[in-house]
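Coordinates in review
Each chain is listed here by its residues.
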Amino acid sequence: MLAVLAATGVVRQCSEDVVEHATIGHFYEVPKRLRSRPPGTLVRSERLLGAPDGSVAWRVLYHSRDLQDRDIVVSGLIVAPDGPAPRGGRPIVSWAHPTTGAAQRCAPSAGLDPFALVAGLHELVHAGYVVAATDYSGMGAAGPPSYLIGTTEGRNVLDAARAARHLLGAGTSHDVLLWGHSQGGQAALFAGQQASRYAPGMHLRGVAVAAPAAELGRLLADHRDDASGVTIGSYAFDAIRKVYGPSDPRVRLDQLLTPVGTSVVPQIAPRCLLTDTAALHRIARPAVGHFYAVDPSTTEPWATILEQNTPGGEPISVPLLVTQGEADRLVLPATTAEFVTRLCRAGEHVTFHRYAHIDHGLVGERTVPLLIDWLADLHAGTPMASTCSKTEASQ
């Protein structure tokens, strides 16, 4: 009977997702002459039919701020347990998604199943959390690019939690927890760094990241000679050019990339990682080994920009959970271990867990059981013991 009920729920959700995807219409259009409002203020929301069993969900547009501190509009999802909230409200987990692309049409909330990429969504809702999931600026709703632009992404993550409070009011508490994978790990870490000054009324309890894009120079260097590096580099350098170029004439692709590299960036940037995989490989393949004219990690202004968008420059000062798959070929295990060592030396409280035989794509979902236990410990006031002393002793 339980299997039949579960299967019925899946069929219902799938059919409702299909209907909604066909009727999204003009939801993502940003109103003309929209007045600046405090971050997290809702512009628009709509109830979603295809929410997972036991939950209610909304697609939202909300105000946020970009790197230049300009008012922008960002889209995303908010999912809450179905039923009355407990006294004091439910804590919010703000989810930061891994790379899906960088174009508007690559926004997770606009996908056929907008819930599919939220790692641990069912478990988090079942445990009583409200989940807020930003698309990031420039995805879904029109706005400035944000791919690996840490300050903008981080603010989008924090403001998604604020948007959940605006939507649900007393149904949420002031407690916020951040959770991200890959690109989203970088976004969550930047959100953690900014929280105390950007969102001083928010009670940040912890930051959890799986295989975070935490060392941008290393990430790009590790993939100089493969299609992943060309794709990631194209997304990143296109965003950097558009964000930093207007104020710094040195930020030009032809000063960094070969003619081949320069030619593939505008072909890759509009394409989505999950739905355009074959086309991305076809475009990227001729540029493998011929993408860079110079090393971005040692050439200005690119070196400084990469460093500015690498997390760890400011304290986070709340417990951190970092996980890594040992079979990861994108974010290499040694790179994450070095990042954890840097966090430990900075005095952070870090729980670091590695999973044997787990690759980059699976590490987010594999982390979920540990995440749920870690969040429960934080809520109880007894976070897991820091592994920093062990990590430092092994260096």
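Placed above this text is the structure.
Now for a description of the structure that goes with this document. Computed from a prediction, not measured in an experiment: that's the story for all the values here.

The next point concerns helix α11 (residues 363-380). With 18 residues, α11 should cover 26 Å at 1.5 Å per step; its first-to-last C-alpha distance of 26 Å lies within 8% of that length. Buried within α11 are the following residues: Val363, Gly364, Thr367, Val368, Leu370, Leu371, Ile372, Trp374, Leu375 and Leu378. Turning to α11, the residues buried within the fold contact β4 (90-96), α2 (121-126), β6 (172-181), β7 (203-210), β8 (320-325) and β9 (350-355). One or two steps after α11, the chain reaches Gly381, where phi turns positive at roughly 85°.

Let us now look at unusual backbone geometry. Pro301 follows Glu300 through a cis peptide bond whose omega is 5°. With respect to the helices and strands, Pro301 occurs in the loop between α8 (277-284) and α9 (302-308). Here the phi dihedral of Ala211 falls at roughly 40°; this positive angle occurs in a residue that is not glycine. Looking at where Ala211 falls in the secondary structure, it is placed in the loop between β7 and α5 (216-222).

In a regular helix each residue adds 1.5 Å, so 16 residues correspond to 22 Å; helix α4 (residues 183-198) covers 21 Å between its end C-alpha atoms and thus fits that length. Of all 16 residues in α4, 14 are buried, a share of seventy percent or more.

Counted by the stated rule, this structure contains 16 salt bridges. Between Arg65 and Asp69 there is a salt bridge, with its nearest N and O atoms 3.6 Å apart. By relative accessible area, which is 17% here, Arg65 ends up buried. Given the relative accessible area of 42%, Asp69 is considered partly exposed.

The next subject is the nonpolar core. Counting residues in hydrophobic clusters, the biggest one holds 67 residues, and the most contacted among them are Leu124, Trp179, Phe237, Ile240 and Phe291. With near-sequence residues (within four places) excluded, Phe291 lies in contact with Val230, Gly233, Ser234, Phe237, Leu257, Thr258, Gly261, Val264 and Val265. Listed in part, the 56 residues of the second largest apolar core include Cys106, Ala187, Val207 and Cys344.

Conventions adopted
Residues numbered from 1 in each chain as written. Predicted model: local features only at pLDDT ≥ 70, side-chain atom pairs only at ≥ 80, totals over all residues. Heavy atoms only, no water. Helix = DSSP H or I, 4+ residues; strand = E, 2+ residues; numbered from the N terminus. Expected span 1.5 Å × (residues − 1). Buried < 20%, exposed > 50% of the residue type's maximum accessible area, 1.4 Å probe, protein only. Contact = heavy atoms within 4.5 Å. Salt bridge = Lys/Arg side-chain N within 4 Å of Asp/Glu carboxyl O. Core = buried A, V, L, I, M, F, W, Y, C linked by side-chain atoms within 4.5 Å.

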